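# Architecture and fold: a report
Listed below, chain by chain, are the residues.
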Amino acid sequence: MRIDRVYIDGFRNLKNVEADFDEGCLTTVIIGQNGAGKSNLIEAITEIFRHVDQPSSRSSGKLRFTFEIDYVIRGRNVRISNRDGATVVAVDGDPIAMTRFQNEKGDLFPDLVFGYYSGTGRRLEKLFDDHQSRYYGVINKDRSDSD
């Protein structure tokens, strides 16, 4: 999966921010002065993927910022946006129902989201807590106490 473009408005200090990433490169480095919004951009992208992965989750609920994200996965172009109030998905330019997206998420959504933050504290890490708990719940479900 490769993120091509992201638009964020209303997440912390990010107001009407659009980042258009190099489509020819799989690695992106975000560099800037302290307070410029680098960490906020990474956190906003994480929040978007959390929101889409667990739309009914207590922690993801309805996002309080506007977003649009374009990415390529398994040769498909996916756009997820809430610019009109509701979260909508388009695949290869064609809108699809959210139920269809959830059913085809294995092909249209990343298996893993990796985030790296070089600062101290749990700012970014805690965004992954719900998913990590869900993961451990699944892998421990069939284990006996002796395992």
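Reference entry: report on the structure contained in this document. (Residues numbered from 1 in each chain as written. Predicted model: local features only at pLDDT ≥ 70, side-chain atom pairs only at ≥ 80, totals over all residues. Heavy atoms only, no water.)

When you go through the chain residue by residue, the secondary structure sums to 4 helices and 6 strands. In sequence order, the chain lays out its α and β elements as β-β-α-β-β-β-β-α-α-α. For the chain, the residues scored as buried account for 36% of the 147 residues in total. Across the chain, every contact between residues at least 6 apart in sequence was considered, and the portion connecting residues at least 24 apart equals 49%. (Helix = DSSP H or I, 4+ residues; strand = E, 2+ residues; numbered from the N terminus. Buried < 20%, exposed > 50% of the residue type's maximum accessible area, 1.4 Å probe, protein only. Contact = heavy atoms within 4.5 Å.)

Looking now at the nonpolar core. Counting residues in hydrophobic clusters, the biggest one holds 27 residues, and the most contacted among them are Val 6, Ile 8, Tyr 71, Val 78, Ile 80 and Phe 101. Contributions of two or more residues to this core are made by strand 1 (2-9), helix 1 (38-53), strand 3 (66-73), strand 4 (76-81) and strand 5 (88-91). The greatest single-element share of this core, amounting to 6 residues, is contributed by helix 1. Setting aside its immediate chain neighbours within four residues, Val 6 contacts Val 17, Glu 18, Ala 19, Phe 21, Leu 41, Ile 45, Ile 48, Glu 68 and Ile 69. (Core = buried A, V, L, I, M, F, W, Y, C linked by side-chain atoms within 4.5 Å.)

This next bit is on the sheet that holds strand 3. In spatial order, the strands read 2-1-3-4-5-6; together these 6 strands make up an open sheet with antiparallel pairing. A strand with exactly one partner marks an edge of an open sheet, and here the two such strands are strand 2 (17-20) and strand 6 (94-96). Along the sheet, successive strands turn relative to each other by an average axial angle of 15°, direction set aside. Of the strand pairs in this sheet, strand 3 and strand 4 are connected by 6 bridges, and their pairing is antiparallel. Paired with Ile 73 across the bridge in strand 4 is Arg 76. In this fold helix 1 packs onto strand 1, strand 2, strand 3 and strand 4, with an angle of close to 100° to the strand it touches most, strand 1. (Pairing = 2+ DSSP bridges. Axes fitted to C-alpha atoms, helices over the stretch in contact; angles between N-to-C directions.)

Before going further, it helps to spend a moment on the pairing of strand 5. With 4 bridges connecting them, strand 4 and strand 5 associate as antiparallel partners. The residue bridging Ser 81 from the neighbouring strand is Val 88, located in strand 5. Hairpin connection from strand 4 to strand 5: 6 residues lie between these consecutive antiparallel strands, with Gly 85 at a positive phi of about 105°. Here 3 bridges tie strand 5 to strand 6, and the two strands are oriented antiparallel to one another. What sits directly across from Ala 90, in strand 6, is Pro 95.

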